[in-house]
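Results of the structural survey
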Amino acid sequence: MRTGTDLELFRLTKRYGDTVAVRDLNHLIAAGTYVCLLGPSGCGKSSTLRMIAGHESVSEGAILLDKADISNLPPAGRGTAMMFQSYALFPHLSVRDNVAFSLKMKGVGKAQRHARADELLDLVDMGRYAARLPNQLSGGQQQRVALARALITEPRVLLLDEPLSALDPFLRIRMRTELKRLQRELGITFIHVTHGQDEALALADEVIVMNNAVIEQSGPPRELFNTPRTEFVARFLGGHNVVRQDGRALAIRSDRMQLSREGTEGIAASVFGIEYQGTTVQIILKTPADEELTVVLPERDFFSRPFEIGETANVAWSEADVHALEG
Ligand code: ADP
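On a predicted model such as this, the values are computed, not experimentally measured, just so you know.

Turning to the overall build of the protein, a few remarks are in order. Secondary structure summary: the protein contains nine helices and 18 strands in total. Considered along the principal axes of its C-alpha atoms, the protein spans approximately 80 × 45 × 35 Å. With 327 residues in all, the protein has 49% of them scored as buried. A total of about 15900 Å² of accessible surface is found on the protein, and carbon and sulfur atoms cover 50% of it. Averaging the coordinates of the 37 positive side-chain charges in the protein and doing the same for the 41 negative ones gives two points 8 Å apart.

Put into structure tokens, the structure is as follows:
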């Protein structure tokens, strides 16, 4: 079902009165890509998504799908669909009728729309619940129904706004796997808004990090994680220390730092916090300049000779693990 349909954002801007929510965004999303729009609250992610969906007007610039300007088309005429949170399901309609709803609006006959709804319910592994009402389903099951309901319009681009935020952590990881599988199977573009870096790294072919209404950096997850361009990206993606040396900002991965009692190389710092994380232990230290450093050790290494809070330790790193940041 691969369509070869690229989505292009051209000088896309959104203003609400004096607030610039999205500023001059230029980006090409290749067809069939799983994209995560990642950034802190208020950075402009939802406004961008809502403009693509047609639920929010474009202040300046354009949105092009397969080279056609869709900026002024109604939501249903764009070739995009939005997966809404599960609580947006109609409570008085069965699961099957919820999924078939948009076909009913288009005047598709009952037998045909129910047959199509059942196919999509099978796709999201919900076929056996077709006759139930939404309140007879778990949160995760409702989420699957919401997904089937968005997919029935056969969108070329599926838009998802924080789709997993209402689920408990265990279900969230399961649904993550499901979303990725579905996207691969359908071969269409998914644009998924999240403020969770782990979610973006786990799901995306391309992560777009937004900050203050602009794109701060974009690229494949591993590239972004290993070579953050700015201090903001290094800190937001996590897993790095940002250290200032000779007026330059450097990023160093927390799991590549060495911690020792005897060492004289590096910085002497005081152990401030210790967090057990299962396979690893995270140690937070304070330098004499009151900067925080985080060192992640394999659980076995830590427990072979544990550090204690208040102890002084030497934090060192090798030049090979240092990555210079802009600014
Ligand atoms: P995010 O999804 O990253 O949290 P939003 O796109 O929702 O960010 O918001 C970006 C900025 O636009 C914020 O400053 C927010 O307060 C503002 N904003 C969003 N929606 C509206 C609105 N309907 N009216 C006025 N300001 C808005």
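Another aspect to go through is empty space enclosed by the protein. Here the idea is plain: a probe the size of a water molecule rolls over the atoms and shows the empty space left. Throughout the structure, instances matching the rule amount to one cavity of 30 Å³ or more. The volume enclosed by the largest cavity comes to roughly 40 Å³. Around the largest cavity, the lining residues are L9, L25, I29, L37, T48, I52, I191, I208 and I215. Mapped onto the lining of the largest cavity, the elements with two or more residues apiece are β2 (19-29) and α1 (45-53). In terms of residue class, the lining of the largest cavity is built from eight nonpolar, one polar and no charged.

Before going further, it helps to spend a moment on the layout of surface pockets. A volume near 540 Å³ is recorded for the largest pocket. As for the largest pocket, its lining consists of 22 residues, of which A76, A81, M82, S102 and T153 are closest to the centre. At the level of secondary structure, the elements contributing two or more residues to the lining of the largest pocket comprise β6 (80-83), α2 (95-105) and α4 (139-151). Here the lining of the largest pocket is composed, by residue class, of 13 nonpolar, six polar and three charged.

Glancing now at α1. In terms of residue burial, α1 counts as a mostly covered element, since seven of its nine residues are buried. When α1 is considered as a whole, its buried residues turn out to be K45, S47, T48, L49, M51, I52 and A53. Just past α1, the residue G54 takes up positive phi, approximately 90 degrees.

It is worth spelling out the nonpolar core at this point. Core analysis: the largest hydrophobic core is formed by 44 residues, its most contacted members being V99, L147, L151, L158 and L179. Of all the elements, α4 adds the most residues to this core, at six residues. Sequence-distant contacts of L158, that is, excluding residues within four places in its chain, are made with A81, M83, L147, A150, L151, I188, T189, F190 and I191. In this structure, L25, C43, V193 and I208 belong to the second largest nonpolar core, which totals 25 residues.

So, about the state of the cysteines. This structure, assessed with the given rule, holds zero disulfides. Free of any disulfide, C36 has its nearest cysteine sulfur in C43, 13 Å distant.

On to the sheet that holds strand β4 (residues 60-65). Read from one edge to the other, the open sheet built from four strands follows the order β2-β1-β4-β5, with strand pairing classed as antiparallel. Each having just a single partner strand, β2 and β5 (68-69) make up the two edges of the open sheet. Of the strand pairs in this sheet, strand β1 (residues 7-16) and β2 are connected by seven bridges, and their pairing is antiparallel. Note that in β2 the partner of L9 across the bridge is H27. Across the sheet, α1 is in contact with β1, β2 and β4; its angle to β1 comes to roughly 115 degrees.

With respect to the helices and strands, C43 occurs in the loop between β3 (34-38) and α1. The buried category is assigned to C43, whose relative accessible area is 2%. C-alpha of C43 to C-alpha of A21: the two residues are 22 residues apart in sequence and 7.0 Å apart in space. When neighbours within four sequence positions are excluded, C43 is seen to be in contact with A21, M210, N211, N212 and A213.

Moving on, we get to the site of the ligand. Around the ligand sit Y16, T19, A21, P40, S41, G42, C43, G44, K45, S46, S47 and R50, and those are all the residues in its vicinity. The backbone of G44 places a nitrogen or oxygen atom 3.1 Å from an oxygen atom of the ligand. Here S46 contributes a backbone N or O atom positioned 2.8 Å from an oxygen atom of the ligand. Taken by itself the ligand offers 570 Å² of open surface, and the protein chains cover 60% of this. Of all the secondary structure elements, the ones that give two or more residues to the shell around the ligand are β2 and α1.

What follows concerns the sheet that holds β3. Reading across the sheet, the six strands line up as β6-β7-β8-β3-β9-β10 and stay open at both edges, with mixed pairing between neighbours. Two strands close off the open sheet at either side, each with one partner strand: β6 and β10 (214-219). For this sheet the average axis-to-axis angle between neighbouring strands, irrespective of direction, equals 20 degrees. Of the pairings in the sheet, the one linking strand β7 (residues 157-161) to strand β8 (residues 189-194) comprises five bridges and is parallel in character. What sits directly across from L160, in β8, is H192. With respect to the sheet, α1 is in contact with β3, β6, β7, β8 and β9 (206-211), its orientation differing from that of β7 by roughly 145 degrees.

Rules behind the numbers
- Residues numbered from 1 in each chain as written.
- Predicted model: local features only at pLDDT ≥ 70, side-chain atom pairs only at ≥ 80, totals over all residues.
- Heavy atoms only, no water.
- Helix = DSSP H or I, 4+ residues; strand = E, 2+ residues; numbered from the N terminus.
- Buried < 20%, exposed > 50% of the residue type's maximum accessible area, 1.4 Å probe, protein only.
- Areas by Shrake-Rupley, 256 points an atom, 1.4 Å probe, with all protein chains shown as cover.
- Lys, Arg positive; Asp, Glu negative; His and termini not counted.
- Charge placed at Lys NZ, Arg CZ, Asp CG, Glu CD.
- 1 Å grid on protein atoms, 1.4 Å probe; cavity = no way out; pocket = protein on both sides within 12 Å on 5 of 7 lines; lining within 4 Å.
- Points joined across faces, edges and corners; volume = space filled by probe spheres on them.
- Nonpolar A, V, L, I, M, F, W, Y, C, P; charged D, E, K, R; others polar.
- Core = buried A, V, L, I, M, F, W, Y, C linked by side-chain atoms within 4.5 Å.
- Contact = heavy atoms within 4.5 Å.
- Disulfide = S-S within 2.5 Å.
- Pairing = 2+ DSSP bridges.
- Axes fitted to C-alpha atoms, helices over the stretch in contact; angles between N-to-C directions.
- Near = heavy atom within 4 Å.
- Polar contact = N/O pair within 3.5 Å; in protein donor to acceptor, adjacent residues only side chain to side chain.

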